[in-house]
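# Examining the three-dimensional arrangement
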Amino acid sequence: MNPAPRDINVRELDVRPILSSGGEPFQAIMEVVSALEPGEALRLYAPFRPQPLFKVMAGRGFDHEAREIEGGDWEVLFTPQPTSAAVELSDDAEDPETWPDPVEHLDLTELDPPKPMVRILAAAERLEPGEVLFALLSREPIFLFPELTKRGHQWAGNFDETRTAFRIFVRVGKARG
Amino acid sequence: MPDATLSPWTMSYFAVACVFLVIGQGLMAAGYGYPFAGVDAPETLALAHLLAIGWLGLLMIGALLQFVPVLIAAPLRAGRLAPSVLLLIVGGLLLLAGGFAALGGAEGLDGLSPGMLPLGAFLLVTGFGLAAAMLASTLLSARALPLPARFVGLGLAALTATILIGAAFAAVLSGIVASDLLATLLLHGVPFHAALGLGGWLSFTAIGVSYRLLPMFMLAPEKVSGAARTVWWTGATALVLVAASVAVVFLDAEAAKTLLALPLVLAFVAVSFYCVDLVRLYRERKRKVVELNIRASYAAFAALLAAVVLISIPATRAAAGEGAAALVYLFAFGWLTGLGLAQLYKIVPFLTWLECYGPILGRIAVPRVQDLVNEGRANFWFGLYYGAVTAATASLFAGSLPSFRVAVAAQLAATLGLMAELVRARRLSSVKGAGVPKPRLFLPLSRPQE
């Protein structure tokens, strides 16, 4: 059995019974694929190497790993390609990878808006210019962005792979407008 | 770079919308329009449009100007058109209502004439057309449309269909166009116009918006459930079928009416799945004690379910009067207006808080959003409101005009009470030792948003 990467959830579908009874498994496969949660993988069993499916699944953002198992059947593990959302940057944020490590970490996922915004702005006030803070939120804090910019702070952030958490680095600026 | 700033004209839209809600309920309490006149009487049409366009339409556009950029994390396109759109819609609506009043026998009074109808329709088509274009082009600028945004997009399409059909009606009613084809549409197309407007534009958009706001304020997971997808597919199919049936009207009007049965079934399925999903969201919430705006929203969801169930049962539909008027009333006031008031009660304090305290957040202690309102008083007004809507609906079922007027008067009182609460929030009346300049009540933001 292919090992599932990391600790992601894997759904299984065996289309051998469908095929042996003369049915067409494509629709069943697509139904399962559509029902996958973000980040979930699919393990498929088929009596042959399902070559045409690989392209369809790649179009939907899945990598595949196929291997022959006993009896000439095939097992394919489709895993979602790492699709971390593109990193969003404030206009003046150059090379966030060169920023120093964060001096403060905030987990704000359990707070309803606008509390996360208040906490991040308050934390930024406590830090020295050039210092960085990291915060984890349950959604993109889009009202926060213009306020950070106005205060001269830089930021870089994106969603995680499951799009259930938004991660943001804020580098405190010099201008305290 | 994604960001969202405060929409400068949203409060103005809200304020004008509230004025129309007061006018509409005031007219009903005074005995104007249905049930004191027929369902298709010009007075009823004037009243229905004051409420559907003046109150619900402006409320929704005002909310979307703020909300669509939040939904897709992209700035609003052509936002400078917002004040012109507001003036066009208000001007068009007043002309339209005046034209209807003239048709109803008020001709000669204050210079009202049916000729105002096409002019009003022209302004409304322009105003709503520009609004739809602003919002749709903003949506199209997003890389991918999340499900709530797709609901809004389809709602905008339904809005466009609704106003175009309405403009055709206005052309025929005023006599400027003598076309058999359009006359056929006028004779048979009213249910489609109403279904696209109330069901497509207003309800579909409201459902989309609720899918984003409810998880946000209840701290429930924002994942798209299978039920939500079912709501989308069944609802979208229903809307497309209604729109397609409009074309059938020209061929065979009776067949078109029969065709409406299928979208009704689909709407019933969509609403059922929506309600199942709403219960799931409530159960999965992390915030144990929910705020008043959520409780008041769930009362609106109950009204939606009740209206759709009762309209699907032939016996209750027949008992609801001409054109199922009692159930349309429950739909417009229990569901759409109820949800609108509940969300206003959250959005107005939230935007006011952001406008006033945004610049000083983190530097000094500021009040919380909920410090701007008094939930105890508002709780009473929401209770009165939903009680009055229930009583008014029951009065329509019973055909009791005096009790309907009393119920609408109570509804009006509750609405005025809630509006007073919104004004108090805008004025920061509940905040002790405010320390910040008070915002303008409904004019555009005093603080420029860059």
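Reading the values: the criteria
Residues numbered from 1 in each chain as written. Chains lettered and ligands numbered in written order. Predicted model: local features only at pLDDT ≥ 70, side-chain atom pairs only at ≥ 80, totals over all residues. Heavy atoms only, no water. Axes fitted to C-alpha atoms, helices over the stretch in contact; angles between N-to-C directions. Helix = DSSP H or I, 4+ residues; strand = E, 2+ residues; numbered from the N terminus. Parallel < 35°, antiparallel > 145°, perpendicular 65-115°, else oblique. Left-handed = near helix turned anticlockwise from the far one by under 90°. Contact = heavy atoms within 4.5 Å. Nonpolar A, V, L, I, M, F, W, Y, C, P; charged D, E, K, R; others polar. Buried < 20%, exposed > 50% of the residue type's maximum accessible area, 1.4 Å probe, protein only. UniProt positions renumbered as here; feature names shortened; annotations may be inferred. Pairing = 2+ DSSP bridges. Phe/Tyr/Trp six-rings, centres within 6.5 Å; stacked < 30°, edge-to-face > 60°. Domains from an automatic or database assignment. Buried area = accessible area lost by both parts, 1.4 Å probe. Salt bridge = Lys/Arg side-chain N within 4 Å of Asp/Glu carboxyl O. 1 Å grid on protein atoms, 1.4 Å probe; cavity = no way out; pocket = protein on both sides within 12 Å on 5 of 7 lines; lining within 4 Å. Points joined across faces, edges and corners; volume = space filled by probe spheres on them.

As recorded in an unreviewed UniProt entry, chain A goes by Universal stress protein and comes from Sinorhizobium saheli.

Residue and element names in this part refer to chain B. Close contact between helix 7 (residues 190–218) and helix 8 (residues 226–251) brings their axes to 11 Å; oriented N to C, the two are set at 160°. Considered as vectors, helix 7 and helix 8 are oriented roughly antiparallel to each other. Remark: the crossing between helix 7 and helix 8 carries left-handed chirality. Along the contact surface, helix 7 presents Phe-192, Ala-195, Leu-196, Gly-200, Phe-204, Ile-207 and Tyr-211, while helix 8 presents Ala-228, Val-231, Trp-232, Gly-235, Ala-236, Leu-239, Val-242, Ser-245, Val-246 and Val-249. Classifying every residue of the contact of helix 7 with helix 8 gives 14 nonpolar, three polar and no charged.

This part is about the environment of Ala-319 of chain B. Residue and element names in this part refer to chain B. Position of Ala-319 relative to the elements: it lies in helix 12 (residues 314–319). Judged by relative accessible area, Ala-319 falls into the partly exposed class, the value being 42%. Sequence separation between Ala-319 and Ala-398 is 79 residues, and the spatial gap between their C-alpha atoms is 8.6 Å.

This part takes up the UniProt feature "domain: DUF2249" (unreviewed entry) in chain A. Residue and element names in this part refer to chain A. UniProt tags residues 12–79 and 106–170 as "domain: DUF2249" (unreviewed entry). For the annotated span residues 12–79, helix accounts for 35% and strand for 32% of the residues, and the straight-line distance between the end C-alpha atoms is 12 Å. Spanning residues 106–170, this segment combines 29% helix with 29% strand, and its end C-alpha atoms are found 11 Å apart.

What holds strands together in a sheet is hydrogen bonding between their backbones, with the strands either parallel or antiparallel. All names here are of chain A. Pairing is mixed in the open sheet, where five strands are placed in the order 5-8-9-7-6. A single partner strand is all that each edge strand has here, and the edge strands are strand 5 (88–89) and strand 6 (104–107). Bridge count for strand 6 against strand 7 (residues 132–137) is four bridges, and the pairing is parallel. What sits directly across from Asp-107, in strand 7, is Leu-136. Sheet strands touched by helix 4 (residues 115–126): strand 6, strand 7 and strand 9 (166–171). Its angle to strand 7, the strand with the most contacts, is close to 170°.

Residue and element names in this part refer to chain B. Going through the model one piece at a time under the given rule, you end up with 24 aromatic pairs over all chains. On the basis of an interplanar angle of 35° and a centroid distance of 6.0 Å, the ring pair of Phe-204 and Trp-232 is categorised as tilted. Placement of Phe-204 in helix 7 and of Trp-232 in helix 8 is noted, with a sequence separation of 28 residues between them. Phe-204 gets classed as buried once you look at its relative accessible area, which sits at 5%. A centroid spacing of 4.5 Å and a plane angle of 35° characterise the contact between Tyr-329 and Phe-333, whose relative ring orientation is tilted. Here Tyr-329 and its partner Phe-333 are both found in helix 13 (residues 325–357), four residues apart, which amounts to about one turn of the helix. Residue Tyr-329 shares its accessibility class with Phe-333, and that shared class is buried. The rings of Phe-151, Phe-204, Tyr-211, Trp-232, Trp-233, Tyr-274, Tyr-282, Tyr-298, Phe-301 and Trp-335 are connected pair by pair, giving a single aromatic cluster.

Right, let's get into the domain arrangement of chain A. The domains assigned to chain A are domain 1 (10–80) and domain 2 (88–171). If you average the C-alpha positions of domain 1 of chain A and of domain 2 of chain A, the two centres end up 40 Å apart.

Turning next to the interface of chain A and chain B. Facing the 30 residues of chain A at the interface are 34 residues of chain B. Contact between chain A and chain B buries roughly 2700 Å² in total, counting both sides, with carbon and sulfur atoms accounting for 59%. Area buried by chain A at its contact with chain B is led by Arg-139, Ile-142 and Phe-143 of chain A, which between them contribute 25% of it. On inspection of chain A and its partner chain B, the count reaches four salt bridges. With its nearest N and O atoms 3.0 Å apart, the salt bridge here joins Glu-125 of chain A to Arg-363 of chain B.

This part is about the sheet that holds strand 2 (residues 41–46) of chain A. All names here are of chain A. The strand order 1-2-4-3 describes an open sheet built from four strands, whose pairing is mixed. At either end of the open sheet lies a strand with only one pairing partner, and these are strand 1 (10–14) and strand 3 (62–68). Looking at each pair of strands side by side, their axes are set apart by 20° on average, direction ignored. Summarising the sheet, strand 1 and strand 2 pair through five bridges and their orientation is parallel. Each bridged residue has a counterpart across the sheet, and for Glu-12 the counterpart in strand 2 is Arg-43.

This part takes up empty space enclosed by the protein. Taken as a whole and judged by the stated rule, the model has four cavities of 30 Å³ or more. Surrounding the largest cavity, 41 residues form its lining, Phe-67, Leu-213, Met-216, Phe-217 and Ile-347 of chain B being those nearest its centre. Elements that contribute at least two residues to the lining of the largest cavity include exactly helix 4 of chain A together with helix 2 (42–72), helix 7, helix 11 (292–312) and helix 13 of chain B. Of the residues contributing to the lining of the largest cavity, the split by class is 32 nonpolar, six polar and three charged.

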